[in-house]
Number of protein chains: 2
Amino acid sequence: MYICPMYSSELIKGTLKTIILKLLSENKEMYGYEITQKVKDLTDNKIQITEGALYPTLHALENDGIVTTEIVNIGKRVRKYYKLTPKGKNSATEKVTEFADFINTMKFLLDIKPQLG
Amino acid sequence: MYICPMYSSELIKGTLKTIILKLLSENKEMYGYEITQKVKDLTDNKIQITEGALYPTLHALENDGIVTTEIVNIGKRVRKYYKLTPKGKNSATEKVTEFADFINTMKFLLDIKPQLG
DNA sequence: TGCAGATACATAAAACTCTTATGTATATTT
DNA sequence: AAATATACATAAGAGTTTTATGTATCTGCA
């Protein structure tokens, strides 16, 4: 069985909220499992969000008023959709902006050259 | 008193080892306090490594054979210099390469455009 | 000369985030 | 029929960082 090359877990730490907020800012509403698959697809399996990390984070975002939820029945199964609040939209923008700035700082600090392609 | 704008602490998580290894790969040997100041200077105060994070990390690097240490007396004070081992040089290269790749993935995922300037 | 701030190390408790493991249940594919 | 995928959830443990504390020397300046 093939194990895809993932980033070391410490690298991904601290980026989970940013990723979730960005996806929600683009998709109006998403459910948890959908988020994990989207991230997996978009990153060519390099970033795989685990459920143990995802669900507690989503619950925290709800508690903080960043997202609201809506439970939808799909046949006999349940989906919980998450949607950004106005406050959440601001948070999303801020988080992504901060991360972009952070990337530039790290590129300078680590002397990383931009790549062609 | 002016408080400089730092990145949110979660953003910096997981990057400490990479930063340390990169600096050591460029400077042959450095001591702990020097590392904190260098990072502060190079990032315009945006990244400030705390001692409580730095020293345990340096000790872990030593235990893992990534660095060796040399204690030097400066007057009546003591400095502990850290230097990469051959294994550590490989680790430094790997960590920086991995981070560069990670940055590209995140830029794509977060749809971050390259900036002019 | 005395005091603040900088230099320089270190550790420990607490907080925070993520991994790993486990649990429940339905739907689909082989 | 069984394995895999979908879909939620929580909890113990691991790992990293923050915050707090401790020790000690050196420098600048008022």
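Residues numbered from 1 in each chain as written. Chains lettered and ligands numbered in written order. Predicted model: local features only at pLDDT ≥ 70, side-chain atom pairs only at ≥ 80, totals over all residues. Heavy atoms only, no water.

Description of the protein's contact with DNA strand C
Near DNA strand C you find 23 residues, and of these Arg77(A), Tyr31(B), Tyr33(B), Arg77(B) and Arg79(B) are the closest. Counted by atom, the contact set of DNA strand C within 4 Å of the protein is 69% sugar and phosphate. One of the side-chain N or O atoms of Arg77(B) is found 2.6 Å from a base oxygen in DNA strand C. Sorting the residues of the surface near DNA strand C by element identifies helix H4 (51–63) of chain A together with helix H3 (32–42), helix H4 (51–63) and strand S3 (77–84) of chain B as the ones contributing at least two each. Taken together, the residues of the surface near DNA strand C break down into eight nonpolar, seven polar and eight charged. (Near = heavy atom within 4 Å. Polar contact = N/O pair within 3.5 Å; in protein donor to acceptor, adjacent residues only side chain to side chain. Helix = DSSP H or I, 4+ residues; strand = E, 2+ residues; numbered from the N terminus. Nonpolar A, V, L, I, M, F, W, Y, C, P; charged D, E, K, R; others polar.)

Section: the relation of the copies chain A and chain B
Of the transformation superimposing chain A on chain B, the axial component is 0.0 Å and the angular component is 180°, with the fit at an RMSD of 0.0 Å. Both chain copies can therefore be described as sitting about a two-fold axis. Most of the interface of chain A is mirrored in chain B, where 97% of its interface residues again form contacts. (Least-squares fit on C-alpha atoms with pLDDT ≥ 70 in both. Contact = heavy atoms within 4.5 Å.)

Regarding the interface of chain A and chain B
Taken together, the contact pairs 36 residues of chain A with 35 residues of chain B. Together, the buried faces of chain A and chain B total about 3400 Å²; carbon and sulfur atoms form 69% of this surface. Counting across the chain A and chain B interface gives 10 residue pairs in polar contact (both at pLDDT 80 or more). Of all elements in the fold, only helix H1 (9–12), helix H2 (16–27), helix H3 (32–42) and helix H5 (86–109) of chain A reach the threshold of two or more residues within the side of chain A that touches chain B. Each residue belonging to the side of chain A that touches chain B can be placed in one class, and the counts come to 18 nonpolar, eight polar and 10 charged. (Buried area = accessible area lost by both parts, 1.4 Å probe.)

Concerning the protein's contact with DNA strand D
Around DNA strand D sit 25 residues, and of these Tyr31(A), Tyr33(A), Arg77(A), Arg79(A) and Arg77(B) come closest. Restricting attention to atoms of DNA strand D within 4 Å of the protein, one finds that 70% of them are sugar or phosphate atoms. Within the backbone of Gly14(B), an N or O atom sits 3.1 Å from a phosphate oxygen of DNA strand D. Secondary structure elements with two or more residues in the surface near DNA strand D: H3, H4 and strand S3 (77–84) of chain A together with H4 of chain B. Of the residues in the surface near DNA strand D, the class split is eight nonpolar, nine polar and eight charged.

Considerations on the sheet that holds strand S2 (residues 67–74) of chain B
All names here are of chain B. With antiparallel pairing, the three strands of this open sheet are ordered in space as S1-S3-S2. The sheet is open, and its two edges are formed by strand S1 (30–31) and S2, each paired on a single side. Relative to S3, S2 is paired through eight bridges, and the arrangement is antiparallel. For Ile71, the partnering residue across the bridge sits in S3 and is Lys80. (Pairing = 2+ DSSP bridges.)

Quick word on the environment of Glu34(A)
All names here are of chain A. Structurally, Glu34 is set in helix H3. For Glu34, a relative accessible area of 28% translates into the label partly exposed. Through-space distance from the C-alpha of Glu34 to that of Tyr81 is 9.5 Å; in sequence the pair is 47 residues apart. In contact with Glu34, not counting residues within four places along its chain, are Glu29 and Tyr81. (Buried < 20%, exposed > 50% of the residue type's maximum accessible area, 1.4 Å probe, protein only.)

Structural notes on the side chain of Thr36(B)
All names here are of chain B. One can find Thr36 in helix H3. Taking relative accessible area as the criterion, Thr36 reaches 6% and is therefore assigned buried. Here Tyr33 takes part through its backbone oxygen, which lies 2.6 Å from a polar atom of the side chain of Thr36. Sequence-distant contacts of Thr36, defined by excluding residues within four places in its chain, comprise Ile49 and Leu54.

Scope: geometric values only; no functional claims are made or implied.
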